[in-house]
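Structural characterization, general
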Amino acid sequence: MEQQKTVMITGASSGVGLNAARALADQGWHVVMACRDLGKAERAAQAIAMPAGSYSLLPLDLASLASVRQAVADFRALGRSLEALVCNAAVYYPLEKQPLYSTDGYEISVATNHLGHFLLANLLLPDLQASPAADKRLVILGTVTANPKELGGKIPIPAPPDLGNLQGFEAGFKAPIAMINGKQFKPGKAYKDSKLCNVLTMRELHRRYHQSTGLIFSSLYPGCVADTPLFRHHFKAFQTIFPWFQKNITGGYVTQKLAGERVAAAVADPALAESGIYWSWGNRQQPGRRSFAQEISNEAQDDAKARKLWDLSAKLVGLDHPPSQPLPATAASLED
Ligand code: NAP
């Protein structure tokens, strides 16, 4: 009998991540729900009727690099193999006038959505590679607002994503710096920038490690899941109008359940076993929509920027020094 597969999902205590956990548990996976509030995660798992024994809870605060390292150690202590990692967690603070900073002193949306996941993904590559399973995947959630080539990404409010020449990262990314391009703080743009980093990271993982390890790296836009708690820091009126607008005007609205099933497809569907792809189901939803490889923005396609982002991110999370757990030999030999 084939061994049960294990997937780690970050931010599985609500929304897309929680629904992906349920979809994968239904397919027989064991789900490691990596969350910052384990009480909330347990209540959410029970509320969505995760089958008993189908999941484990793992403490993880992506806004703390020490917590990310501890989570990797705690995962290894579970004694499970790892067949998939889903980098799903995110924060969105569109109304903050002043930047919020993580434990390590980095702007909170870039710290949580990009840097924490960057470190986690790097530290778990050896675990993915160690599993004897043939099909192993690392999936990073993208979003439409970070992709001006998609309909939903064309609204330049407050500004389109733009990492510039990563001057803010180059200068150490500590206060008063809050933007990757080193320019003026724009909270909504900080989120878009972080999601652009997610796609650039996926592509750079693919370039570095796909051929040597066989791991499949992909990203996806699951659709506009306009009623998740992601929008909890937005105006109350926005939280009512936005889902209504997406349901009734744009037709872009996707239920949390369907979004979770799309993430599960990126993890487990043989039809999506292709590396280096950004999957989408389109901006306007119709029943039975099929996934396709979505064209990404010019900036997300910029290989030189992906390499520079990798190098500077490695420095910011402390991976330019010998990491506590070495990268796989085959992968390490590909390092630039
Ligand atoms: P959500 O319901 O707010 O879920 C976000 C998850 O991230 C929560 O479990 C949250 O934990 C967790 N999280 C936040 N900060 C964390 C930290 N420091 N450490 C660990 N976990 C942390 O939002 P969602 O809409 O499902 O978003 C999930 C993903 O889908 C994100 O990557 C988002 O960019 C992407 N996405 C969403 C949409 C959409 O329309 N909603 C569209 C496209 C893409 P708590 O429960 O403790 O807050």
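Heads up: these notes are all about the structure in this document. Please read these numbers as outputs of a predicted model, since none were measured by experiment.

Criteria and thresholds
- Residues numbered from 1 in each chain as written.
- Predicted model: local features only at pLDDT ≥ 70, side-chain atom pairs only at ≥ 80, totals over all residues.
- Heavy atoms only, no water.
- Helix = DSSP H or I, 4+ residues; strand = E, 2+ residues; numbered from the N terminus.
- Rg over C-alpha atoms; globule rule 2.2 N^0.38 Å.
- Contact = heavy atoms within 4.5 Å.
- Areas by Shrake-Rupley, 256 points an atom, 1.4 Å probe, with all protein chains shown as cover.
- Lys, Arg positive; Asp, Glu negative; His and termini not counted.
- Charge placed at Lys NZ, Arg CZ, Asp CG, Glu CD.
- Pairing = 2+ DSSP bridges.
- Axes fitted to C-alpha atoms, helices over the stretch in contact; angles between N-to-C directions.
- Near = heavy atom within 4 Å.
- Polar contact = N/O pair within 3.5 Å; in protein donor to acceptor, adjacent residues only side chain to side chain.
- Nonpolar A, V, L, I, M, F, W, Y, C, P; charged D, E, K, R; others polar.
- Buried < 20%, exposed > 50% of the residue type's maximum accessible area, 1.4 Å probe, protein only.
- Right-handed = clockwise from strand over helix to strand, strands pointing away.
- Phe/Tyr/Trp six-rings, centres within 6.5 Å; stacked < 30°, edge-to-face > 60°.
- Lys NZ or Arg CZ within 6 Å of the ring centre and 35° of its normal.
- Parallel < 35°, antiparallel > 145°, perpendicular 65-115°, else oblique.
- Core = buried A, V, L, I, M, F, W, Y, C linked by side-chain atoms within 4.5 Å.

This part is about the overall build of the protein chain. The secondary structure content of the protein chain amounts to 10 helices and eight strands. Compactness check: the protein chain gives a C-alpha radius of gyration of 18 Å against a globular reference of 20 Å for 336 residues, within 12% of the reference. Projected onto its principal axes, the C-alpha coordinates of the protein chain cover approximately 50 × 45 × 35 Å. At a minimum sequence separation of 6, the contacts of the protein chain that also span at least 24 residues come to 75%. Here the protein chain has roughly 14100 Å² of accessible surface; of this, 55% comes from carbon and sulfur atoms. The positive charge centre, built from 34 side chains, and the negative charge centre, built from 29, are 5 Å apart in the protein chain.

We now examine the sheet that holds strand S7 (residues 277-280). Whether parallel or antiparallel, the strands of a sheet pair through hydrogen bonds between backbone atoms. Read across the open sheet, the eight strands follow the order S3-S2-S1-S4-S5-S6-S7-S8; overall the sheet is mixed. Two strands in the sheet have a free side with no partner beyond their single neighbour: strand S3 (55-59) and strand S8 (292-293). Bridge analysis of strand S4 (residues 84-87) against strand S5 (residues 137-141) gives four bridges, and the strand direction is parallel. Bridge pairing in S5 places Ala 84 opposite Arg 137. In this fold helix H6 (residues 187-213) packs onto S5, strand S6 (216-221) and S7, with an angle of close to 160° to the strand it touches most, S6.

Of all residues adjacent to the ligand, which total 32 residues, the nearest are Ser 14, Lys 40, Asn 88, Tyr 191 and Thr 228. For the ligand, an oxygen atom lies 2.7 Å from a polar atom in the side chain of Lys 40. For the ligand, the accessible surface in isolation is 890 Å², of which the surrounding protein chains cover 98%. Elements supplying a minimum of two residues to the shell around the ligand: helix H1 (15-26) and H6. Considered class by class, the residues forming the shell around the ligand number 17 nonpolar, 10 polar and five charged.

To continue, consider the pairing of strand S2 (residues 30-35). Counting buried positions along S2 gives six out of six residues, so the element sits mostly inside the fold. Neither face of S2 is left uncovered, since the one carrying His 30, Val 32 and Ala 34 and the one carrying Val 31, Met 33 and Cys 35 both have all their residues buried. Direction of pairing for strand S1 (residues 6-10) relative to S2: parallel, over a ladder of five bridges. Bridge pairing in S2 places Val 7 opposite Val 31. In this region the chain leaves S1, passes through H1 and returns to the parallel neighbour S2; the handedness of that crossover is right-handed. Relative to S3, S2 runs parallel, the two being bridged by five bridges. Residue Ala 34 lies in a different strand from S3, and its bridge partner there is Leu 58. Crossover handedness for the path S2 to helix H2 (residues 38-47) to S3: right-handed.

According to the stated counting rule, one finds nine aromatic pairs in the structure shown. Seen in terms of ring centroids, Tyr 92 and Tyr 191 are 4.7 Å apart; in terms of plane orientation they differ by 50°. Their pairing is tilted. Of this pair, Tyr 92 sits in the loop between S4 and helix H4 (108-130) while Tyr 191 sits in helix H6, placing them 99 residues apart in sequence. Overall, the relative accessible area of 14% leaves Tyr 92 in the buried class. Accessibility expressed as a relative area gives 8% for Tyr 191, which makes it buried. Each ring, one from Phe 231 and one from Phe 238, has its centre 6.1 Å from the other, and the planes form 45°; the classification is tilted. Overall, Phe 231 belongs to the buried group, its relative accessible area being 13%. An aromatic cluster is defined as three or more aromatic residues linked by ring pairs; in this entry it consists of Tyr 92, Tyr 191, Phe 231, Phe 238 and Phe 242. Over the aromatic face of Tyr 253 sits the side chain of Lys 247, whose NZ or CZ is 4.6 Å from the ring centroid.

Walk down a regular strand and you will see the side chains alternate between the two sheet faces. What you see with S7 is no split at all: Ile 277 and Trp 279 on one side and Tyr 278 and Ser 280 on the other are buried throughout. In the sheet, S6 pairs with S7 via four bridges, with the strands oriented parallel. Within S7, the residue paired with Ser 219 across the bridge is Tyr 278.

Interhelical geometry of H4 versus helix H9 (residues 303-316) gives an angle of 90° and a closest axis separation of 10 Å. With respect to each other, H4 and H9 are oriented roughly perpendicular. In this structure, H4 uses His 114, Leu 115, Phe 118 and Asn 122 to contact H9, whose residues at the interface are Leu 309, Trp 310, Ser 313, Ala 314 and Leu 316.

Further remarks concern the nonpolar core. Counting 65 residues, the largest nonpolar core has Met 8, Leu 138, Phe 169 and Phe 173 as the members making the most contacts within it. Secondary structure elements with two or more residues in this core: S2, helix H3 (65-78), S4, H4, S5, H6, S6 and H9. Of all the elements, H4 adds the most residues to this core, at 11 residues. The contact partners of Leu 138, leaving out residues within four places of it in the chain, are Leu 85, Cys 87, Ala 121, Leu 125, Leu 128, Leu 205, Ile 216, Phe 217 and Ser 218. Ranked by size, the runner-up nonpolar core spans 37 residues in total, among them Ala 23, Cys 35, Leu 220 and Val 263.

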